[in-house]
Amino acid sequence: MPTIELTDRFCQTAKPAEGKQTDFFDTIVKGLCLRVSPAGTRAWNLVYTKPADGKRARMKLGRYPEIKLVKAREKARDARAGIGEGMDPVAEQRAHAASQTVSDLVDNYIARHASTKRSGDEIARRLRKNISDVIGTIKLADLHRRDLTRCIDAVKDRGAPVEANRLFEDMRAMVRWAKGRGDLDDNLVDGMRRPTETKERDRFLTADEIKTLWLALPDADMRESTRRILRLCLFTGQRVGEIAGMTRDEIDLDAAMWTIPAARAKNGREHVVPLALAAVTIIRDQLEAVDALAERKDLAVPVWVFPAPGFRAAVTAASLPKAVKRLEVEGTIFGMAPWTPHDLRRTAATHMEEIGISPFIVGHVLNHVSVTKASITSRVYARYNYDREKREALELWADRLSGIVEGKSGIVPLRRMAG
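Cut-offs applied
- Residues numbered from 1 in each chain as written.
- Predicted model: local features only at pLDDT ≥ 70, side-chain atom pairs only at ≥ 80, totals over all residues.
- Heavy atoms only, no water.
- Phe/Tyr/Trp six-rings, centres within 6.5 Å; stacked < 30°, edge-to-face > 60°.
- Helix = DSSP H or I, 4+ residues; strand = E, 2+ residues; numbered from the N terminus.
- Buried < 20%, exposed > 50% of the residue type's maximum accessible area, 1.4 Å probe, protein only.
- Lys NZ or Arg CZ within 6 Å of the ring centre and 35° of its normal.
- 1 Å grid on protein atoms, 1.4 Å probe; cavity = no way out; pocket = protein on both sides within 12 Å on 5 of 7 lines; lining within 4 Å.
- Points joined across faces, edges and corners; volume = space filled by probe spheres on them.
- Nonpolar A, V, L, I, M, F, W, Y, C, P; charged D, E, K, R; others polar.
- Pairing = 2+ DSSP bridges.
- Contact = heavy atoms within 4.5 Å.
- Axes fitted to C-alpha atoms, helices over the stretch in contact; angles between N-to-C directions.

Enquirer: Sorry, what's going on with the packing of aromatic side chains here?
Expert: The geometry of an aromatic ring pair comes down to the distance between the two centres and the angle between the two planes. Scanning the model with the defined rule gives 5 aromatic pairs in all. Ring centres of Tyr 109 and Trp 177 lie 5.4 Å apart, and the angle between their planes is 70°; this geometry places the pair in the edge-to-face category. Here the residue Tyr 109 occupies a position in helix α4 (residues 102-112), and Trp 177 occupies one in helix α7 (residues 161-181), the gap between them amounting to 68 residues. Summarising the burial analysis for this pair, Tyr 109 and Trp 177 share the class buried. Taking the centre distance of 5.2 Å and the plane angle of 80° together, the rings of Phe 360 and Tyr 386 count as edge-to-face. Taken together, the residues Phe 360 in helix α14 (residues 359-366) and Tyr 386 in the loop between α16 (376-381) and α17 (387-405) connect sequence positions 26 residues apart. Note on Phe 360: relative accessible area 23%, which makes it partly exposed. Cation over ring: Lys 68 sits above Tyr 64, and NZ or CZ is 5.8 Å from the ring centre.

Structure follows, in structure tokens:
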């Protein structure tokens, strides 16, 4: 096998010899090698002699580039130090894995990896509910693919295909993470397919359906704050989770602006949302209601515009679709085909284009990177934020929406905005 002084550049470009899996051994740390597969996978291994019987063994240290060269050398040196003291790192790794349960793995993954993600809370909820509560007591050494399949099937059987797909993605990421660490020897999800094939939704509300929804909302069986979030979904076209998690320091009602920070935006980019007068009124009414409730209950005013009961957190994005789903009677909501809060975002986008607003500007309103940062010029060089065009678009849409609710037509002249 080739032996060279490994460098970061070499690790990035290394190719297997003669199209076969190849180990490139490091001259700096004895036994450390980068294994490169024909498919392009690069993984760190430490090849060593077992103290007990003198046989050769291989210890997995993780994948490149997740583990950089410096870290791989550090891990290899630590392992070799233990070997010099008579320890067998692979045997210890397996013993540790054998002592862990699936629940231990889930908790470890959440604490060390998933918690750093924007959707960490949702990932934790799905894994604990659907994995830990079902197969949590199984030892990792005894874990089989059929156990993971059982968890997925349980979600599918309760009629939640989208949840099943999301759980599969979470589970696949967790298993890969565990294999990279050495907690699992095999990638148990390798070759598994997504539980269900979901097609892209195309549901949006027509003008008549918008009017029906608007007039029915005041009497709907839901919290007033939920009604306000649904109305804001229509007026702003923003994601329901971003609206539900809105904080007071994000909004400037005097300037009629809402700034969604990068940490809360789905695409990780700060997004400024100009607010039409109707949207400002909805938010102001919500703030006044929360302030009054805090005073009545002698609670500190929460930072969230839409706090959950108890004021300890914002309402969750998942609670909104559930609130709407509860309105369904014999397959209809308010006498029309079922819809979700996210469909209201699609509704706003569809009607904005219908009244003549450029799809490019609508993309900026929706904060769609695929539209706004589609070229190297827009990603790197162009720094214009289109706030003026976004405000004009949202005010035009607010006028049109008001006209729909009031039964007027032709309230907004058709015109094509620049872009």
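On we go from here.
Enquirer: Is there a simple way to explain empty space enclosed by the protein in this structure?
Expert: In this approach a probe as big as a water molecule rolls over the atoms, and the regions it shows empty are the leftover space. A full pass over the atoms with the stated rule returns 1 cavity of 30 Å³ or more. Taken as a whole, the largest cavity encloses approximately 30 Å³ of empty space. Those elements giving two or more residues to the lining of the largest cavity turn out to be α4 and α7. Of the residues forming the lining of the largest cavity, the biggest block, 3 residues, is contributed by α7.

Enquirer: Which parts of the structure should I look at to understand the layout of surface pockets?
Expert: Of the volumes computed, that of the second largest pocket is approximately 690 Å³. Taken together, 22 residues line the second largest pocket, and the ones lying closest to its centre are Ala 43, Gly 62, Arg 63, Lys 179 and Gly 180. Going through the elements one at a time, β4 (42-49), β5 (56-64) and α7 are the ones with two or more residues in the lining of the second largest pocket. Among the elements that line the lining of the second largest pocket, the one with the most residues is α7, at 5 residues. For the lining of the second largest pocket, the per-class residue count stands at 4 nonpolar, 8 polar and 10 charged.

Enquirer: Looking at this structure, I do not really get the sheet that holds β4. What am I missing?
Expert: Within a beta sheet, neighbouring strands are joined by backbone hydrogen bonds and run either parallel or antiparallel to one another. Spatially, the 5 strands line up as an open sheet ordered β1-β2-β3-β4-β5, and their pairing is mixed. One side of each edge strand has no neighbouring strand; the edge strands of this open sheet are β1 (3-4) and β5. Both strand β2 (residues 22-26) and strand β3 (residues 32-36) contribute to a ladder of 4 bridges, which runs antiparallel. Within the sheet, the bridge partner assigned to Thr 22 lies in β3 and is Val 36. Where helix α2 (residues 69-84) meets the sheet, it contacts β2, β3, β4 and β5, and its direction lies at approximately 20° from that of β4.

Geometry only, nothing functional implied.
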